[in-house]
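Residues per chain, in single letters:
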Amino acid sequence: MSAISAERKEREAILKTYWDERRRTARERMLSFAELGEADRKRGHLPALPPLEILNFTDLLGRAWGWDSLMPCSSLHYWLQYKKYLHDYYDHNISKVNDDLNLNGDDGNGLAALADSCIMMEHELESMMMRRPKVSNDRELSLSCKITRCAHEISKMKCSDFPAAAVALKCITKEADLMCQLLVCGCTASALIFCGRIREHALSFMTLKGPEHVAAAATMMGATKEANLICELLKNGLDGHGSELLWSKTIRDGALRAMIKISDEYSAEDSTMGSIVEKNVSGESDDKNCSKDELVQDDNVKETEKINQKIKVKSVNEDS
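Rules and cut-offs
Residues numbered from 1 in each chain as written. Predicted model: local features only at pLDDT ≥ 70, side-chain atom pairs only at ≥ 80, totals over all residues. Heavy atoms only, no water. Helix = DSSP H or I, 4+ residues; strand = E, 2+ residues; numbered from the N terminus. Contact = heavy atoms within 4.5 Å. Areas by Shrake-Rupley, 256 points an atom, 1.4 Å probe, with all protein chains shown as cover. Core = buried A, V, L, I, M, F, W, Y, C linked by side-chain atoms within 4.5 Å. Buried < 20%, exposed > 50% of the residue type's maximum accessible area, 1.4 Å probe, protein only. 1 Å grid on protein atoms, 1.4 Å probe; cavity = no way out; pocket = protein on both sides within 12 Å on 5 of 7 lines; lining within 4 Å. Points joined across faces, edges and corners; volume = space filled by probe spheres on them. Nonpolar A, V, L, I, M, F, W, Y, C, P; charged D, E, K, R; others polar. Phe/Tyr/Trp six-rings, centres within 6.5 Å; stacked < 30°, edge-to-face > 60°. Expected span 1.5 Å × (residues − 1). Salt bridge = Lys/Arg side-chain N within 4 Å of Asp/Glu carboxyl O. Axes fitted to C-alpha atoms, helices over the stretch in contact; angles between N-to-C directions. Parallel < 35°, antiparallel > 145°, perpendicular 65-115°, else oblique. Left-handed = near helix turned anticlockwise from the far one by under 90°. Disulfide = S-S within 2.5 Å.

Right, let's talk about the overall build of the chain for a bit. Across its full length, the chain holds 13 helices and zero strands. Counted from the first residue to the last, the chain has its helices and strands arranged as α-α-α-α-α-α-α-α-α-α-α-α-α. If you take every contact in the chain between residues at least 6 apart in sequence, the share linking residues at least 24 apart comes to 75%. Surface summary for the chain: the accessible area is close to 16,400 Å², and the carbon and sulfur share equals 52%.

Encoded structure:
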């Protein structure tokens, strides 16, 4: 027993030394990602995805990744830091989102105009899905009907009543637009299901109030930006843009992971309008049943390296 105890103490001492060294050199290691990100952007390239450890250094994060695109949530190990990052991302982008002519809604027309656009897009999506029963399903059609009903209800409210509603409507509408483009391109059912999952969360976030709405809005803003980019790529052709498409997919994967976590923390049913969402969204989303082992990782470095390698290979193949 004494030998085992001594061996355990030795392992613990080695681990302590390792983590002490990691903490001591953290800023220096993250500085290299900041310099790499700046160099990539100067060359007009997409920056390499830094490890989430960089969230501890906001000044380096801006240099390594920037604030235009949402940094993917590749692991929930740094969730508290990532949630703070979502607030920072929101602050950096909310004015631009509100002024974006392609996402018109907070410019005097209020929620009514956004709701009308959302409803029209849902009608178009429903029509296209009904003509393509092999790739659409009853769940997607049911969700579209729920969104339409909720949009009618939310259009009667003021933006100030539900601060996340405008961003949620924008997100839902753009996801529907993307689904239409995917249907035109002959997509697989899985691509539609992914969009549907984002739409389900956006619908549940629509009535969030108080400080908690900010993180939810940030994830929707990030997902919407990438959905818009993918729509443009699909309309104009993907030749030479494979790496951009893969980046957008990576960002959207991370946005959905964050949405799932936020859904676990906050329930839209607690808000004043919760009854509307409760009526329109029945049951728990499958997203909420993901196991913690699936989502939470001890370290996201390997995942980050894997993502960067995929992007690098895709970019090299396009250049050759």
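Met71, Tyr82, Tyr85, Leu86, Leu169, Met206 and Met220 are the most contacted members of the largest nonpolar core, which has 68 residues in total. Ignoring sequence-local partners within four residues, the contact set of Met71 consists of Leu49, Pro50, Pro51, Leu52, Ile54, Leu55, Leu61, Trp65, Tyr82 and Tyr85. In this structure, Met128, Ala176, Cys180 and Leu182 belong to the second largest nonpolar core, which totals 18 residues.

Space inside the largest pocket adds up to approximately 660 Å³. For the largest pocket, the lining is made up of 31 residues, of which Asp68, Ser69, Lys96, Lys225 and Glu226 are closest to its centre. Per element, the largest residue contribution to the lining of the largest pocket is six residues, and it comes from helix α9 (residues 212-236). For the lining of the largest pocket, the residue count by class is 13 nonpolar, nine polar and nine charged.

So, on to the packing of aromatic side chains. All told, the structure shown has five aromatic pairs when counted by the stated rule. Look at Trp65 and Trp247: their rings are 5.5 Å apart centre to centre, the planes differ by 75°, and that puts the pair in the edge-to-face class. With Trp65 in the loop between α3 (58-64) and α4 (79-99) and Trp247 in helix α10 (residues 242-265), the pair connects residues that are 182 residues apart, well separated along the chain. A relative accessible area of 7% places Trp65 in the buried class.

This brings us to the environment of Lys134. With respect to the element layout, Lys134 can be found in the loop between α5 (110-131) and α6 (138-154). Overall, Lys134 belongs to the exposed group, its relative accessible area being 83%.

Moving on: α6. Taking 1.5 Å of rise per residue, 17 residues should cover 24 Å, and α6 covers 24 Å from first to last C-alpha, within 8% of that figure. Among the residues of α6, Glu140, Leu143, Ser144, Lys146, Ile147, Thr148, Cys150, Ala151 and Ile154 are the ones counted as buried.

Among the structural elements, Ile193 can be located in helix α8 (residues 189-205). With a relative accessible area of 38%, Ile193 lands in the partly exposed category. C-alpha of Ile193 to C-alpha of Arg139: the two residues are 54 residues apart in sequence and 9.3 Å apart in space. Filtering out sequence-adjacent residues up to four positions away, Ile193 remains in contact with Asn137 and Glu140.

A separate point is the pattern of salt bridges. For the coordinates displayed, the defined rule picks out 12 salt bridges. Across the salt bridge formed by Asp59 and Arg27, the nearest N and O atoms sit 2.6 Å from each other. Of the two residues, Asp59 is situated in helix α3 and Arg27 in helix α2 (residues 26-42); the sequence distance between them amounts to 32 residues. Look at Arg27 and you get partly exposed, because its relative accessible area is 40%. Here Glu38 and Arg63 are joined by a salt bridge, their closest N and O atoms 2.9 Å apart. With Glu38 in helix α2 and Arg63 in helix α3, this pair connects stretches of sequence that are 25 residues apart. Take Glu38: its relative accessible area is 29%, and that puts it in the partly exposed class. Owing to a relative accessible area of 29%, Arg63 belongs among the partly exposed residues under this scheme.

This brings us to the packing of α5 against α6. For the pair α5 and α6, interaxial distance at closest approach is 9 Å and the crossing angle is 160°. Between α5 and α6, the angle falls in the class roughly antiparallel. Remark: the crossing between α5 and α6 carries left-handed chirality. On α6, the residues touching Leu111, Ala115, Cys118, Ile119, Glu122, His123, Glu126, Met129 and Met130 of α5 are Glu140, Leu141, Ser144, Cys145, Ile147, Thr148, Ala151, His152 and Ile154.

Before going further, it helps to spend a moment on the state of the cysteines. The final tally for this structure, using the stated rule, is zero disulfides. Unpaired in this structure, Cys171 has its nearest cysteine sulfur neighbour in Cys195, at a distance of 9.7 Å. Residue class for Cys171 comes out buried when judged on its relative accessible area of 0%. Its sulfur unpaired, Cys187 is 8.0 Å from the next cysteine sulfur, which belongs to Cys185.

Moving on: the packing of α8 against α10. Two numbers describe how α8 lies on α10: the axes approach to 10 Å, and their chain directions differ by 40°. The orientation of α8 relative to α10 falls into the category oblique. Crossing handedness for the pair α8 and α10: left-handed. Note on element contacts: α10 touches α8 through Arg252, Asp253, Leu256, Met259, Ile260, Ile262 and Ser263, opposite Phe194, Cys195, Arg197, Ile198, His201, Ser204 and Phe205.

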